[in-house]
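Listed below, chain by chain, are the residues.
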Amino acid sequence: MEKLNGLRCRECGRHYPAAPVHVCEFCFGPLEVDYRYDALKGVVTRESIATGPPSMWRYKDLLPIDGDIAVGHHVGFTPLIRARNLADELGCREVWVKNDSVCHPSWSFKDRVVAVAVTKAREFGFDTVACASTGNLANSVAAHAAEGRLKSYIFIPADLEQGKVIATLVYSPTLVAVHGTYDEVNRLCSEIADKYRWAFVNVNFRPYYSEGSKSYGFEIVEQLGWRTPAHIVVPCAGGSLITKIWKALKELKILGLLDERLKTKMHAAQALGCGPIVTMIKNDTDVLVPVRPNTIAKSLAIGNPADGYYAYKTTKESGGSGEHATDEEIVEGMLLLARTEGIFTETAGGVTVAAARKLIERGVIPRDESIVICITGNGLKTPDALQDRLDAHVKINPSLSAFDRALADLKSQTT
Ligand SMILES: *Cc1c(COP(=O)(O)O)cnc(C)c1O
Ligand SMILES: [Zn+2]
């Protein structure tokens, strides 16, 4: 089955053969993978998907991979959890959490994009992979490069959380800490990608990389029993994930896998200290004003997001909206999800929970409609965010009487 037409410019529509390129030579628009949906229709069915492996690769026919999967065989197919306690707390009828905080192997949804990009890099004969990262991408590229026995160069802002740095270094990449913001790291990586023949997963491989995010959307729909939720709240950094979840829903519609009209509203979640996409939504303008990030949600701290315009368009086209979360609200969001559902997410997850809550309180998301909250990363990587907030543990000497006294104290405090 010939499923790919190569690449296509998102702006002027010009076609390009499949290659490690990402920008249109004519209009500088971003390139996107172009599928032959006519060839896929009737071939990709609910049944054919169900016979696939319990990983993102059950949707391989809808991903830009021609040959065998090179790395990340077990990525994806993470739990979609009916969050009844959280729903109670938010006063909502139907809330779901799509939990990529337990995505294999590096505990964030970035494993989805990296598995595709690194497999594609191998297809094109690259021996070195690289990335500009806000943290989770660094973890994932280093892990998959190790698995694929490829060299890796990982570029990060020097002020990244220690948890994210250690969870990268453990795989023995070359880690380059740059004194600057992510946006400065990214600009540097564009120059390096021009000079060295490396597969930068989110620069020259971005068209392939971003397709991996579609699997997050496919899974939501399949795990809901081939229903689409009324609302999906998505954390945004570069703006790719929200754009590609929307693309996934549209592809399922095109392939005839949805019974109903596609009515899902896509909502963007960002930190107030770095929220240029949500600012576009609130001001209803398609002009992105870059910002200098200042937030604890470092994994979302991209001041000049590559897909910001398309993320804005996604919310607009779907009838969705967006919300900012302050650092305080981010921590509250992390604690709320942990307290209600037993899920420890990182700061980005706190942003999403907080934004969802505000959209519900504002009435933008009606309380009687189905909501999926996208949890994309693991809290054990960013414990620093909670350091000063959690100190209520009981300290005693190892004796029963000491414990009895402590218990009596606790009880008197709570009554
Ligand atoms: C990168 C990242 C995002 C946002 O992804 P984009 O596709 O760049 O918008 C969301 N959550 C987490 C935890 C991330 O690491
Ligand atoms: Zn073009």
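Within any chain, residue numbers begin from 1 and follow the written order of that chain's sequence. Labels are handed out in written order, letters beginning with A for the chains and numbers beginning with 1 for the ligands. Totals for whole chains, interfaces and linings use all residues, but because this is a predicted model, local features are given only for residues with pLDDT of at least 70 and pairs of side-chain atoms are given and counted only at 80 or more. Excluded from the side-chain calculations are hydrogens and water; all other atoms, namely the structure's heavy atoms, are used.

Colleague: Can you tell me about the domain arrangement of the protein chain, naming the residues and giving the values?
Modeller: Note that the domain bounds reflect an automated or database-derived domain assignment. Annotation of the protein chain at the domain level lists domain 1 (1-40) and domain 2 (80-106 + 210-386). Each of domain 1 and domain 2 has a C-alpha centre, and these two points are 27 Å apart. The criterion used for residue contact is that any of the two residues' heavy atoms lie within 4.5 Å. Across the contact, eight residues belong to domain 1 and 11 residues belong to domain 2. The term salt bridge refers to a side-chain nitrogen of Lys or Arg lying within 4 Å of a carboxyl oxygen of Asp or Glu. Counting the contacts that link domain 1 with domain 2 gives three salt bridges. Its salt-bridge partner being Lys 247, residue Glu 32 comes within 3.3 Å of it at the nearest N-O pair. Two N or O atoms count as a polar contact when they lie within 3.5 Å, although within protein this holds only if one can serve as hydrogen donor and the other as acceptor, and sequence-adjacent residues are included solely when both atoms are side-chain atoms. Connecting domain 1 to domain 2 are seven residue pairs in polar contact (both at pLDDT 80 or more). The numbering of helices and of strands both runs from the N terminus, where a helix is a DSSP run of H or I of at least 4 residues and a strand a run of E of at least 2. Elements with a contribution of two residues or more to the side of domain 1 that touches domain 2: β3 (31-35) and α1 (37-40). A total of three residues in the side of domain 1 that touches domain 2 trace back to one element, the largest contributor, which is β3. Three classes are used: nonpolar for Ala, Val, Leu, Ile, Met, Phe, Trp, Tyr, Cys and Pro, charged for Asp, Glu, Lys and Arg, and polar for all others, with Gly counted as polar. Residue classes in the side of domain 1 that touches domain 2 are distributed as five nonpolar, no polar and three charged.

Colleague: So what about the sheet that holds strand β10 (residues 231-235)? Which residues, and what values?
Modeller: Sheets are built from strands that pair by backbone hydrogen bonding, the pairs being arranged parallel or antiparallel. In this analysis, strands are considered paired if DSSP registers two or more bridges between them. Spatial ordering of the open sheet is given by β4-β5-β13-β10-β11-β12, a layout of six strands whose pairing is mixed. Edge positions in the open sheet fall to β4 (80-82) and β12 (322-325), since each of these has one partner strand only. Put simply, the sheet's adjacent strands are angled 25 degrees from each other on average, direction ignored. Of the strand pairs in this sheet, β10 and strand β11 (residues 265-271) are connected by five bridges, and their pairing is parallel. For Pro 235, the partnering residue across the bridge sits in β11 and is Ala 269. Whenever a helix is involved, its axis is fitted only over the stretch in contact; in every case the axis is a line through C-alpha atoms, and angles between N-to-C directions fall within 0 to 180 degrees. Strand contacts of helix α10 (residues 240-254): β10, β11 and β13 (370-375), with the helix running at about 150 degrees to β10, the strand carrying the most contacts.

Colleague: I'd love a proper account of the coordination of the zinc ion (ligand 2), names of residues and values included.
Modeller: For Na, K and Ca the donor cut-off is 3.2 Å, while for other metals it is 2.8 Å, and in both cases only N, O and S atoms qualify; water is not among them, so sites may look incomplete. Of the protein atoms, only Cys 9 (SG), Cys 12 (SG), Cys 24 (SG) and Cys 27 (SG) coordinate the zinc ion (ligand 2), at distances of 2.3 Å. Under this scheme a four-donor centre is tetrahedral when all angles range from 85 to 135 degrees, a four-donor centre is square planar and a six-donor centre octahedral when opposite donors are above 155 degrees with the rest from 65 to 115, and any other centre is irregular. If you look at the zinc ion (ligand 2), its four donor atoms make angles of 97 to 118 degrees with each other, and the shape they trace is tetrahedral. All donor residues of the zinc ion (ligand 2) come from one chain, and their arrangement in sequence is C-x2-C-x11-C-x2-C. Linking Cys 9 in strand β1 (residues 4-9) with Cys 24 in the loop between β2 (15-16) and β3, this pair joins segments that are 15 residues apart in sequence. Burial here depends on accessible area, computed with a 1.4 Å probe over protein chains only, as a share of the maximum for the residue type. Under 20% is buried, over 50% is exposed, and the range in between is partly exposed. On the basis of relative accessible area, Cys 24 is assigned to the buried category, the value being 1%.

Colleague: Summarise the sheet that holds strand β6 (residues 128-132); cite the residues concerned and give the values.
Modeller: Taken together, the four strands give an open sheet; going across it, the order is β8-β7-β6-β9, and neighbouring strands pair in parallel fashion. The open sheet terminates on both sides in strands that have one partner only, identified here as β8 (174-178) and β9 (199-200). Two elements, β6 and β9, share two bridges in a ladder whose sense is parallel. Counterpart to Val 129 in the pairing with β9 is Ala 199.

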